[in-house]
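# Analysis of the macromolecular model
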Amino acid sequence: MSWLDDIRFDSRGLVPVIAQERASGRVMMLAWADRQAVEETARTRRGVYYSRSRSRLWRKGEESGNVQNVFGIYLDCDGDALVYEIEQVGGVACHTGHASCFFRRLAEQDGGLRWVEDSPVLKDPEEMYHHRPKGE
């Protein structure tokens, strides 16, 4: 039996993957991976995912240059989620140019709750992508 058999992929053959920055512990992004993406990540030590919008493997940084070096792969107790411990090359994980995809924080303002951006855009997305499909 392969170590991959311990991962509980969903009905579409996917598992959620959290990419967490090794140095800071900050959650950089959430993506999906199929069996082939997880195997390639383990073999190459580079972040590989499955793009649901493109219906194909997505090697992080293949267009933007912002690759992820993977130092550890962790499986949760239920076997249905992974964490990649990464170094985010270029410091930008999000297609919006923010360091992390989690750049909006729920905050109380003017007596109500609303989302506020709590980190700056580090790189203009137009500089990273010339012809990027929406959602990636």
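None of these values were measured; they are calculated from a predicted model. (Residues numbered from 1 in each chain as written. Predicted model: local features only at pLDDT ≥ 70, side-chain atom pairs only at ≥ 80, totals over all residues. Heavy atoms only, no water.)

We now examine the packing of aromatic side chains. If you walk through the whole model with that rule in mind, you get 2 aromatic pairs. Relative to tryptophan 58, the ring of tyrosine 49 has its centre 5.4 Å away and its plane inclined at 45°; by these criteria the two rings are tilted. The exposure class of tryptophan 58 is buried, given its relative accessible area of 13%. Consider the rings of tyrosine 49 and tyrosine 84, whose centres lie 5.6 Å apart with planes at 35°: the pair is tilted. You can see tyrosine 49 sitting in strand E3 (residues 48–51) and its partner tyrosine 84 sitting in strand E6 (residues 82–88), a full 35 residues away along the chain. For the residue pair tyrosine 49 and tyrosine 84, the accessibility class agrees, reading buried in each case. An aromatic cluster of at least three residues, connected via ring pairs, comprises Tyr49, Trp58 and Tyr84. The lysine or arginine in question, arginine 12, covers the ring of tryptophan 32, its NZ or CZ lying 5.2 Å from the ring centre. Above the plane of the ring of phenylalanine 71 lies arginine 22, whose end atom (NZ or CZ) is 4.0 Å from the centre. (Phe/Tyr/Trp six-rings, centres within 6.5 Å; stacked < 30°, edge-to-face > 60°. Buried < 20%, exposed > 50% of the residue type's maximum accessible area, 1.4 Å probe, protein only. Helix = DSSP H or I, 4+ residues; strand = E, 2+ residues; numbered from the N terminus. Lys NZ or Arg CZ within 6 Å of the ring centre and 35° of its normal.)

Before going further, it helps to examine the pattern of salt bridges. Applying the stated criterion to the full structure yields 8 salt bridges. With a closest N to O distance of 3.0 Å, aspartate 5 and arginine 35 form a salt bridge. Residue aspartate 5 is found in the segment before strand E1 (15–21), and its partner arginine 35 is found in helix H1 (residues 35–44); the two are separated by 30 residues along the sequence. Note on aspartate 5: relative accessible area 39%, which makes it partly exposed. Looking at arginine 35, the relative accessible area reads 36%, which means it is partly exposed. Members of the salt-bridge network, linked through shared partners, are Arg54, Arg56, Glu62 and Glu63. (Salt bridge = Lys/Arg side-chain N within 4 Å of Asp/Glu carboxyl O.)

Confidence in the prediction of the protein chain, expressed as mean pLDDT, is 90, and 93% of residues score 70 or more. Here helix H2 (residues 125–128) stands out as the element of the protein chain with the lowest mean pLDDT, 80, in contrast to E3, whose mean of 98 is the highest. (pLDDT = per-residue confidence, 0-100.)

Right, let's talk about a nonpolar patch on the surface for a bit. Judged by side-chain polarity, Ile18, Val27, Leu30 and Phe102 come together as a nonpolar surface patch covering roughly 320 Å² of accessible area. Examined against the element boundaries, valine 27 turns out to sit in strand E2 (residues 27–33). Classification of valine 27 by relative accessible area gives partly exposed; the value is 34%. (Patch = residues over 30% accessible without salt bridge, like charges linked within 9 Å, V, L, I, M, F, W, Y side chains within 5 Å. Areas by Shrake-Rupley, 256 points an atom, 1.4 Å probe, with all protein chains shown as cover.)

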